[in-house]
Amino acid sequence: MGWEPFHVIMEFEVGRRIGWEFDPGALKEHLDSVCDELEAREDTIEFRVGCDLITERVELEMVVLGKSPQDALERARKDLGAAIRQAGAKHEGLLEWTDEAKVRPHANAWSGLRTPQWTRRRVELKV
């Protein structure tokens, strides 16, 4: 089986200890940083991000190349995880728990109370 494009949809709550309301442009700035990092990933060929600033919910639709649906889903998770960490944030529930425990955000991107935390709510492969 060759490489095929697969459509992956993920939903997260993106919060931090000091709420976004104290720095209204910070969430958009953070999402822009994640998108910049995601654009550099080879396996992700297209993506769209939607955000509800009140609920801090972020929905991400990605088109990812993979050899199978499961391979594409794994690549989407790894690509997004790397982009989130490069943008200085943490994620929870995105990777397998053994892998999740080993990864850390890029150093010095945000102070501790301002470090964004991406908490997975939904991940699905759209057929």
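Being a predicted model, the structure only gives us computed values, none of them experimental.

Enquirer: Describe in detail the side chain of Glu61, supporting the description with residues and values.
Expert: Summarising the element assignment, Glu61 is placed in strand S3 (residues 57–66). Looking at Glu61, its side chain comes within polar contact range of the side chain of His7, at 3.2 Å. Every residue in contact with Glu61, bar those within four places of it in the chain, is listed here: His7, Val8, Ile9, Glu46, Phe47 and Arg48.

Enquirer: So, the nonpolar core: which residues are in play, and what are the values?
Expert: In terms of nonpolar packing, the biggest core is built from 25 residues, with Met10, Leu80 and Trp118 touching the most fellow members. When residues of this core are traced back to their parent elements, those giving at least two are strand S1 (4–15), helix H1 (26–39), S3, helix H2 (69–86) and strand S5 (117–126).

Enquirer: So what about the sheet that holds strand S2 (residues 44–52)? Which residues, and what values?
Expert: What the 5 strands build is an open sheet, ordered S2-S3-S1-S5-S4; its pairing is mixed. Every other strand in the sheet has two partners, leaving S2 and strand S4 (90–92) as the edge strands with one partner each. Pairwise comparison of adjacent strand axes, ignoring direction, gives a mean angle of 30° for this sheet. Pairing of S4 with S5 involves 3 bridges; the strand directions are parallel. The partner of His91 across the bridge, within S5, is Trp118. Lying over the sheet, H1 contacts S1, S2, S3 and S5, oriented at roughly 170° with respect to S2. Across the sheet, H2 is in contact with S1, S2, S3, S4 and S5; its angle to S3 comes to roughly 125°.

Enquirer: Lay out empty space enclosed by the protein with the relevant residues and their values.
Expert: Taken as a whole and judged by the stated rule, the model has 1 cavity of 30 Å³ or more. Taken together, Leu31, Val34, Cys35, Val49, Leu60, Leu80 and Trp118 make up the lining of the largest cavity. Among the elements that make up the lining of the largest cavity, the one with the highest residue count is H1 (3 residues). Its residues placed into classes, the lining of the largest cavity shows 7 nonpolar, no polar and no charged.

Enquirer: Describe the pattern of salt bridges, with residues and values.
Expert: Per the counting criterion, the structure on display carries 11 salt bridges. With its nearest N and O atoms 3.9 Å apart, the salt bridge here joins Glu59 to Arg48. Of this pair, Glu59 sits in strand S3 while Arg48 sits in strand S2, and the two are 11 residues apart along the sequence. Looking at Glu59, the relative accessible area reads 27%, which means it is partly exposed. Glu59 serves as the salt-bridge partner of Arg122, at 2.9 Å between the closest nitrogen and oxygen. In this pair, Arg122 sits in strand S5 while Glu59 sits in strand S3, placing the two residues 63 residues apart along the sequence. Through salt bridges that share partners, Glu11, Arg48, Arg57, Glu59, Glu61, Arg122 and Glu124 make up one connected network.

Cut-offs and rules
Residues numbered from 1 in each chain as written. Predicted model: local features only at pLDDT ≥ 70, side-chain atom pairs only at ≥ 80, totals over all residues. Heavy atoms only, no water. Helix = DSSP H or I, 4+ residues; strand = E, 2+ residues; numbered from the N terminus. Polar contact = N/O pair within 3.5 Å; in protein donor to acceptor, adjacent residues only side chain to side chain. Contact = heavy atoms within 4.5 Å. Core = buried A, V, L, I, M, F, W, Y, C linked by side-chain atoms within 4.5 Å. Buried < 20%, exposed > 50% of the residue type's maximum accessible area, 1.4 Å probe, protein only. Pairing = 2+ DSSP bridges. Axes fitted to C-alpha atoms, helices over the stretch in contact; angles between N-to-C directions. 1 Å grid on protein atoms, 1.4 Å probe; cavity = no way out; pocket = protein on both sides within 12 Å on 5 of 7 lines; lining within 4 Å. Points joined across faces, edges and corners; volume = space filled by probe spheres on them. Nonpolar A, V, L, I, M, F, W, Y, C, P; charged D, E, K, R; others polar. Salt bridge = Lys/Arg side-chain N within 4 Å of Asp/Glu carboxyl O.

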